[in-house]
Amino acid sequence: MEVTQQQAPQNVGWIEVVAGCMFSGKTEELIRRLRRAQIARQKVVIFKPRIDNRYSANQIVSHNTQSLESIVIDKADEIPALAKDAQVVGIDEVQFFDMSVVAICNKLADDGKRVIVAGLDQDYKGIPFEPMPQLLSVAEYITKTLAICVVCGNPADRTQRKIANADRVVVGAADSYEARCRKCHYIPE
Ligand code: ZN
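Now for a description of the structure that goes with this document. Treat the numbers as computed from the prediction; the structure is a model and nothing was measured.

Notes on the side chain of Arg161
Inspection of the secondary structure assignment puts Arg161 in strand β11 (residues 158-161). For the buried residue Arg161, which engages in no salt bridge, the nearest side chain bearing the opposite charge is Asp167, 6.7 Å off. A polar contact of 3.5 Å, which involves the side chain of Arg161, links it to the side chain of Tyr177.

Dropping the structure here:
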């Protein structure tokens, strides 16, 4: 659920999590919320981990090519200093940061900031992808985005890896992954 103008908390920060599989529109949703904050003349700062080099170095870019200026960082502990003056803090691909990002997001929210993070909530095996479970637990607002299963057309919340690789993180675009429902998803050998 998104916070609307009418119900937005006053004088307090909070955390919003946009969670889902690949191709579910997480980044589009993050960009949409951050753009609206910019239109409202709020100070917005956006981060993404260096691991995600696809498309553009200094922007967050969704699969449908919407984009927004962002700061590429190596570690979550770079965020507090860079977000000092921001009212709204966005983080894309948050599953690529370590567990310290949970305490950092909490502190930003405690300091009165609106924190919006987007990330993969399951790895390619369908196992919860830390730190997403912890972020979902401490967030005030949670949105689960679903894709469409490429096999059967049902709502999909799993990311199917189409290449043989047992590493948890293999960064790739459309050709290495596709969205599938729980019935059509399988763990590759
Ligand atoms: Zn399916």
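Back to the write-up after that little detour.
Considering the sheet that holds strand β6 (residues 88-91)
The strand order across the open sheet built from six strands is β5-β2-β6-β7-β1-β8, with neighbouring strands paired in parallel fashion. Looking at which strands have only one partner, the edges of the open sheet turn out to be β5 (71-73) and β8 (141-145). Sheet twist, expressed as the average angle between the axes of neighbouring strands with direction ignored, equals 20°. Bridge count between β6 and strand β7 (residues 114-120): four bridges; the pairing is parallel. Note that in β7 the partner of Val88 across the bridge is Arg114. The sheet contacts of helix α1 (residues 26-39) involve β1 (14-20), β2 (44-49), β6, β7 and β8, and relative to β7 the element is tilted by about 165°.

Remarks on the coordination of the zinc ion
Looking at the metal site, the zinc ion is ligated by Cys149 (SG), Cys152 (SG), Cys181 (SG) and Cys184 (SG), spaced 2.3 to 2.4 Å from it. Each of the four donor atoms bound to the zinc ion contributes to angles spanning 103 to 119°, and the resulting shape is tetrahedral. Every donor residue of the zinc ion comes from the same chain, spaced as C-x2-C-x28-C-x2-C. Placement of Cys152 in the loop between β9 (147-148) and β10 (155-156) and of Cys181 in the segment after β12 (177-180) is noted, with a sequence separation of 29 residues between them. With relative accessibility at 33%, the residue Cys152 sits in the partly exposed group.

Rules of the game
- Residues numbered from 1 in each chain as written.
- Predicted model: local features only at pLDDT ≥ 70, side-chain atom pairs only at ≥ 80, totals over all residues.
- Heavy atoms only, no water.
- Helix = DSSP H or I, 4+ residues; strand = E, 2+ residues; numbered from the N terminus.
- Buried < 20%, exposed > 50% of the residue type's maximum accessible area, 1.4 Å probe, protein only.
- Lys, Arg positive; Asp, Glu negative; His and termini not counted.
- Salt bridge = Lys/Arg side-chain N within 4 Å of Asp/Glu carboxyl O.
- Polar contact = N/O pair within 3.5 Å; in protein donor to acceptor, adjacent residues only side chain to side chain.
- Pairing = 2+ DSSP bridges.
- Axes fitted to C-alpha atoms, helices over the stretch in contact; angles between N-to-C directions.
- Contact = heavy atoms within 4.5 Å.
- Donors = N, O, S within 2.8 Å, 3.2 Å for Na, K, Ca; no water.
- Tetrahedral: all angles 85-135°; square planar, octahedral: opposite > 155°, others 65-115°.

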